[in-house]
Amino acid sequence: MQTTTTENQFTFVPTVCMLCGESEARPRYTITKYKQGDLRYVTCLRCGTAYQNPMPDQASMQAFYHSQNFFNAKRTSDLLTGYRDYDAEEVTRQVNAKTRLSEIEALFPAGKKLRILKVACGYGTLVKLARDRGHRADGIDFSAVMVQGAKDRYNIDLIEDDFVTHDFGDCKFDVVVLYGAINNFLRPLDVARKVSSVLSAGGFYIVNHVWLNSFPERLLGHRYWIYRPPIIGLYPKRAFEQYHAQLGFQLYRSRYDVQYLTCDKFFGYLQFRLLIRLAELFRITRLGFTIPIPGYARVFFQKPG
């Protein structure tokens, strides 16, 4: 993996609500522990979204996604910034990809070969699996590190670009999938509009997101693991679905996201340092299990046929 700097300092710019565009907000949390800069979260007075204001600009986010502390926080700090160890977590992505692809296939008639697009696809784990099963699958990620990693690991070519601005030509997809990244996008509805433009009639947009005011978020407050550098906004579950409905999407299904996790990833996200140390001591960091993730929703939107 070829990354750039160990850390990058964010340049912040004033903004409005990421979801509804409202400018009026009240202070929520100021997180001062990260070297990228102080993260100031506010709560939108219209839709209830919590978001960074000021937020990191696009250049800051681009640099962050190429930095060592995004890919391997264990090497740079005890603080969770991006991933504790992105490469080590590939095994969890492989297990989750099998479950998620089977779930996608179940939306369509048995045996149908699908045109699938994975946005923010990382190393292309799901893309590789889908191709192996005979589907036409593409992945897009604006991190050169991810695109090169896909080539090195799986010998697959991905699109290196910004999904919102990329020109897909006349290509239409049966499914557009976005896992684990919508809270990092500067404008989630710009993503949804782009999805609609490349989605076939009757196709599905599948996205998971951390929602606001879930039990763990209310319990942990500013210590909640999600309040960290790349997270731009946290969306109330109902508001997230309603604003997508205003763009013409139909809500097909909404449920808790279920994921396969290792002890290392689970304890790392919870920031339970004692449990992390104990897992390392007893050599169970790679022990895995599948659980519903509290406060994490997986939403299926459908474009009307």
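Residues numbered from 1 in each chain as written. Predicted model: local features only at pLDDT ≥ 70, side-chain atom pairs only at ≥ 80, totals over all residues. Heavy atoms only, no water.

Novice: Before we go on, may I ask you to explain the overall build of the protein in this structure?
Specialist: Scanning the protein from terminus to terminus reveals 11 helices and 13 strands. For the protein, the C-alpha radius of gyration of 19 Å lies close to 19 Å, the compact-globule estimate for 305 residues. On the principal axes, the C-alpha backbone points of the protein span a range of 50 × 50 × 35 Å. Counting over 305 residues, the protein shows a buried share of 55%. The contacts of the protein with a sequence gap of at least 6 include a subset with a gap of at least 24, amounting to 73%. On the protein, roughly 13300 Å² of surface is accessible, and the fraction owed to carbon and sulfur atoms is 51%. Distance from the positive charge centre (40 side chains) to the negative charge centre (29 side chains) of the protein: 6 Å. (Helix = DSSP H or I, 4+ residues; strand = E, 2+ residues; numbered from the N terminus. Rg over C-alpha atoms; globule rule 2.2 N^0.38 Å. Buried < 20%, exposed > 50% of the residue type's maximum accessible area, 1.4 Å probe, protein only. Contact = heavy atoms within 4.5 Å. Areas by Shrake-Rupley, 256 points an atom, 1.4 Å probe, with all protein chains shown as cover. Lys, Arg positive; Asp, Glu negative; His and termini not counted. Charge placed at Lys NZ, Arg CZ, Asp CG, Glu CD.)

Novice: Whenever I open this one, the pattern of salt bridges confuses me. Can you help?
Specialist: Side-chain pairs of opposite charge can arise whenever the charged atoms involved come near each other. Taken as a whole and assessed by the stated rule, the structure comprises 16 salt bridges. R133 is the salt-bridge partner of E105, the closest N and O atoms lying 2.9 Å from each other. Note that E105 is positioned in helix α4 (residues 90-105) and R133 in the loop between α5 (125-132) and β7 (136-141), a separation of 28 residues in sequence. The partly exposed category is assigned to E105, whose relative accessible area is 24%. On the basis of relative accessible area, R133 is assigned to the partly exposed category, the value being 29%. The partner of R131 in a salt bridge is D138, with the nearest N and O atoms 3.8 Å apart. (Salt bridge = Lys/Arg side-chain N within 4 Å of Asp/Glu carboxyl O.)

Novice: Looking at this model, I keep getting lost on the sheet that holds strand β9 (residues 173-178). Mind explaining?
Specialist: For sheets, the rule is that strands pair by backbone hydrogen bonds, running either parallel or antiparallel. Strand order in the open sheet formed by seven strands is β8-β7-β6-β9-β10-β13-β12, and the pairing between neighbours is mixed. In this open sheet, the two edge strands, each paired with only one partner strand, are β8 (159-160) and β12 (250-262). Judged from the two bridges that link them, β7 and β8 form a sheet pairing that is parallel. For D141, the partnering residue across the bridge sits in β8 and is E160. (Pairing = 2+ DSSP bridges.)

Novice: Please clarify how the state of the cysteines should be interpreted in this entry.
Specialist: Put plainly, two cysteines are in a disulfide when a covalent bond ties their sulfur atoms together. Applying the stated criterion across every chain yields a total of zero disulfides. No disulfide involves C17; its sulfur sits 3.5 Å from that of C47, the nearest cysteine. (Disulfide = S-S within 2.5 Å.)

Novice: Which parts of the structure should I look at to understand the sheet that holds strand β2 (residues 25-31)?
Specialist: Pairing in this open sheet of four strands is antiparallel, and the strands run β2-β3-β4-β11 from one edge to the other. Each of the sheet's edge strands pairs with one partner strand only, and the pair in question is β2 and β11 (233-234). Where strand β4 (residues 50-52) lies against β11, two bridges are found, and the strand directions are antiparallel. Its bridge partner being in β11, A50 is matched across the sheet by L234.

Novice: Can you walk me through the nonpolar core in this structure?
Specialist: Most often, soluble globular proteins have nonpolar side chains that are buried together. One finds I116, V176, L178, Y205 and L234 to be the most contacted residues of the largest nonpolar core, which totals 95 residues. Not counting residues within four places of it along the chain, the set of residues in contact with I116 comprises L101, I104, L126, A130, H135, R136, A137, D138, F173, V175 and V177. (Core = buried A, V, L, I, M, F, W, Y, C linked by side-chain atoms within 4.5 Å.)

Novice: Looking at this structure, how should I read the packing of α4 against α5?
Specialist: A pair of packed helices can be characterised by two numbers: the angle between their axes and the separation between those axes. Relative orientation of the contacting elements α4 and α5 amounts to 45 degrees, with a least axis distance of 9 Å. In terms of axis orientation, α4 runs oblique to α5. Considering the relative orientation of α4 and α5, their crossing is right-handed. Residues E90, R93, Q94, A97, K98, R100 and L101 of α4 lie in contact with α5, whose contacting residues are T125, L126, L129 and A130. (Axes fitted to C-alpha atoms, helices over the stretch in contact; angles between N-to-C directions. Parallel < 35°, antiparallel > 145°, perpendicular 65-115°, else oblique. Left-handed = near helix turned anticlockwise from the far one by under 90°.)

Novice: How should I be thinking about the packing of aromatic side chains in this particular structure?
Specialist: To describe a pair of aromatic rings, you give the distance between the ring centres and the angle between the ring planes. Evaluation of the coordinates by the stated rule reveals 21 aromatic pairs. With a centroid separation of 5.4 Å and an interplanar angle of 65 degrees, the aromatic rings of F64 and F70 are classed as edge-to-face. Among the residues examined, F70 registers a relative accessible area of 6% and is labelled buried. Across the ring face of Y86, the terminal group of R93 is positioned such that the distance to the ring centre comes to 3.6 Å. Against the face of W211 rests K237, its NZ or CZ located 6.0 Å from the ring centre. (Phe/Tyr/Trp six-rings, centres within 6.5 Å; stacked < 30°, edge-to-face > 60°. Lys NZ or Arg CZ within 6 Å of the ring centre and 35° of its normal.)

Novice: Any chance you could explain a nonpolar patch on the surface here in plain terms?
Specialist: On the surface, a nonpolar cluster with roughly 770 Å² of combined accessible area is contributed by F272, L274, L275, L278, L281, F282, I284 and L287. Note that L281 resides in helix α11 (residues 273-281). (Patch = residues over 30% accessible without salt bridge, like charges linked within 9 Å, V, L, I, M, F, W, Y side chains within 5 Å.)

Novice: Even after reading the chapter, I still don't get the environment of N183, so can you show me in this structure?
Specialist: Within the secondary structure, N183 is located in the loop between β9 and α7 (188-198). You can call N183 buried: its relative accessible area is 4%. With residues near it in sequence (within four places) discarded, N183 still touches H209, V210, P230, I231, I232, G233, L234 and Y235. Within the local environment of N183, its side chain forms a polar contact with the backbone nitrogen of V210, the two atoms lying 3.0 Å apart. (Polar contact = N/O pair within 3.5 Å; in protein donor to acceptor, adjacent residues only side chain to side chain.)

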